[in-house]
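Remarks on the overall topology
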Amino acid sequence: MIEDRLNSNFLVLVLGIVRFALFLAFVNHFLACGWYAVGSSSSSGWVDAHVDADYGVLYRYLMALHWSSSQFSSSMEVSPRNLQERVFAIFAVLQAVIVASTFVGSITNMMLEIVILKREKLRYQRCMRNFIKHYKISPGLAQRVRKYLDVCYDGEHNAEYQRKLLVQLPMHMLADVNEESRAPLLTLNSFFSFLQGTYPQTLRMICHEAISEVHVAAGDVLFSCGDACDRMLFLDIGRLAYKIGVSRKSTSTRGVSTMQKTFKPIHSEEPVKVNRQSFLSEGALWMWWTNAGEL
């Protein structure tokens, strides 16, 4: 099946529409050929009444196709003129009713799914607005909260649907799926690329058990300068901005001068753009690591 090879919901939808359009064209062609055959089988049929002898095959076919198409939604000047044509016309109307009902039912189901998803999201947003109003959250913070939760809502719903589907897979097949979906991003790093070539089973287990997704809204801070870091990050979708920080010397209250691992952002420098297919904080894999900037 072609649908099994497609990974885009939009392409699957387009394919369904194209397939139904081709089926509708085939039904119309079948009815047109049958209608012309019935009409030309006797001298009292619609062909002798509406088609001159000098008209070519293309015109005759188009007139028959026009009649078959009109059975779905409209009418035309050609109508049954004998018993055979009347019986075939009844058959064509029944076929048109079945095809039209199938089409309307498919469209209705698609619209119903969209309405249900939208209604659930509207209920979620209404609950969020009530929370903000009840606790009198400031407008600026409320906007940030709404943007972040909207991103989390979409991401969690996609992740929830994926989990419901993937949980039905056997464990070994689920590990294969996680490896194929996550390994291309991990192997951008030389260490994980080495693991893939030398210890592929180890990389497979890392992809299956040691990776989790984080969704971040626009304008939010993933980590701040000076935060403890216990994970390495890979950017799969989107773009981030990294603000570099510097270490500074501090003096204790007893007058003993010590070098502490504290940082502050350098506001004079432009943030470094982190594009998709990038990784950060690799040092957290090998040592105690503190973030030296803000992401």
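Look above for the structure.
Note that the structure is a prediction, hence the values are computed from the model and not measured. (Residues numbered from 1 in each chain as written. Predicted model: local features only at pLDDT ≥ 70, side-chain atom pairs only at ≥ 80, totals over all residues. Heavy atoms only, no water.)

If you tally the helices and strands in the chain, you get eight helices and ten strands. When the 295 residues of the chain are sorted by exposure, 24% land in the buried category. Taking the intrachain contacts of the chain between residues at least 6 apart in sequence as the baseline, contacts between residues at least 24 apart amount to 66%. Carbon together with sulfur atoms contributes 60% to the accessible area of the chain, which is approximately 20,800 Å² in total. (Helix = DSSP H or I, 4+ residues; strand = E, 2+ residues; numbered from the N terminus. Buried < 20%, exposed > 50% of the residue type's maximum accessible area, 1.4 Å probe, protein only. Contact = heavy atoms within 4.5 Å. Areas by Shrake-Rupley, 256 points an atom, 1.4 Å probe, with all protein chains shown as cover.)

What follows is about unusual backbone geometry. Here Ser281, not a glycine, exhibits a phi torsion of approximately 60°, which is positive. You can see Ser281 is positioned in the loop between β8 (278-280) and β9 (289-290).

Another point: a nonpolar patch on the surface. A surface patch of nonpolar side chains, about 430 Å² in accessible area, is lined by Phe23, Phe26, Phe30 and Phe91. Relative to the helices and strands, Phe91 is located in helix α4 (residues 83-134). (Patch = residues over 30% accessible without salt bridge, like charges linked within 9 Å, V, L, I, M, F, W, Y side chains within 5 Å. Salt bridge = Lys/Arg side-chain N within 4 Å of Asp/Glu carboxyl O.)

Before going further, it helps to spend a moment on the packing of helix α6 (residues 171-186) against helix α8 (residues 200-209). Two elements in contact, α6 and α8, have axes whose closest approach is 8 Å; the angle formed by their N-to-C orientations is 95°. Of the possible angle classes, the one that applies to α6 and α8 is roughly perpendicular. Residues Met171, His172, Leu174, Ala175, Asp176, Asn178, Glu179, Arg182, Ala183 and Leu186 of α6 form the contact with α8, whose participating residues are Pro200, Leu203, Arg204, Ile206, Cys207 and His208. Looking at the contact of α6 with α8 residue by residue, the classes come out as nine nonpolar, three polar and four charged. (Axes fitted to C-alpha atoms, helices over the stretch in contact; angles between N-to-C directions. Parallel < 35°, antiparallel > 145°, perpendicular 65-115°, else oblique. Nonpolar A, V, L, I, M, F, W, Y, C, P; charged D, E, K, R; others polar.)

Here we come to the pattern of salt bridges. All chains considered together, the criterion is met by two salt bridges. For the salt bridge of Arg204 with Asp176, the shortest nitrogen-to-oxygen distance reads 2.2 Å. Taken together, the positions of Arg204 in helix α8 and Asp176 in helix α6 put the pair 28 residues apart, joining distant regions of the chain. Residue classification places Arg204 among the buried residues on the basis of a relative accessible area of 15%. The exposure class assigned to Asp176 is partly exposed, which follows from its relative accessible area of 31%. A salt bridge links Glu179 to Arg204, with the shortest nitrogen-to-oxygen separation between them at 3.6 Å.

Let us now look at the side chain of Glu85. If you trace the backbone, Glu85 turns up in helix α4. One buried charged side chain, Glu85, makes no salt bridge at all; its nearest oppositely charged neighbour is Arg81, positioned 5.9 Å away. Filtering out sequence-adjacent residues up to four positions away, Glu85 remains in contact with Trp35, Val38, Gly39, Gly45, Trp46, Ser79 and Pro80. (Lys, Arg positive; Asp, Glu negative; His and termini not counted.)

Let us look at the packing of helix α7 (residues 190-198) against α8. Following both chains from N to C, one finds α7 and α8 inclined at 125°, their axes separated by 5 Å at the closest point. As summarised for this structure, α7 and α8 are arranged oblique, according to the angle between their axes. Of α8, the residues touching α7 (which contributes Phe192, Leu195, Gln196 and Thr198) are Pro200, Thr202, Leu203 and Ile206.

What follows concerns a positive patch on the surface. A surface patch of positive charge is lined by Arg119, Arg123, Arg126, Arg129 and Arg146. Top element by residues in the positive patch is α4. It accounts for four residues. Mapped onto the fold, Arg126 is located in helix α4. Residue Arg126 is classed as partly exposed on the basis of its relative accessible area, which comes to 44%. (Charge placed at Lys NZ, Arg CZ, Asp CG, Glu CD.)

Attention shifts here to the packing of aromatic side chains. The final tally for this structure, using the stated rule, is 14 aromatic pairs. When the ring of Tyr55 is compared with that of Tyr59, the centres are 4.3 Å apart and the planes differ by 55°; the resulting orientation is tilted. Looking at Tyr55, the relative accessible area reads 32%, which means it is partly exposed. According to the relative accessible area criterion, Tyr59 is partly exposed, its value standing at 35%. Ring plane angle 70° and centroid distance 5.2 Å describe the contact between Phe191 and Phe192, whose orientation is recorded as edge-to-face. (Phe/Tyr/Trp six-rings, centres within 6.5 Å; stacked < 30°, edge-to-face > 60°.)

The set of residues buried in α8 consists of Leu203, Arg204, Cys207 and His208. Mapping the buried residues of α8 onto a view down its axis gives an arc of 135°, with all of them on the same face. Looking at the packing, one finds that the buried side of α8 touches α6 and α7. (Arc of directions from axis to C-beta.)

Let us now look at α6. Across its 16 residues, α6 extends 21 Å between first and last C-alpha, which sits within 8% of the 22 Å expected from 1.5 Å per residue. Its maximal kink placed at Glu180, α6 deviates by approximately 30°, while the proline Pro184 follows within four residues. Within the sequence span of α6, burial applies to Leu174, Ala175, Asn178, Ala183, Leu185 and Leu186. (Expected span 1.5 Å × (residues − 1). Bend = angle between axes of the 7 residues up to and from the residue.)

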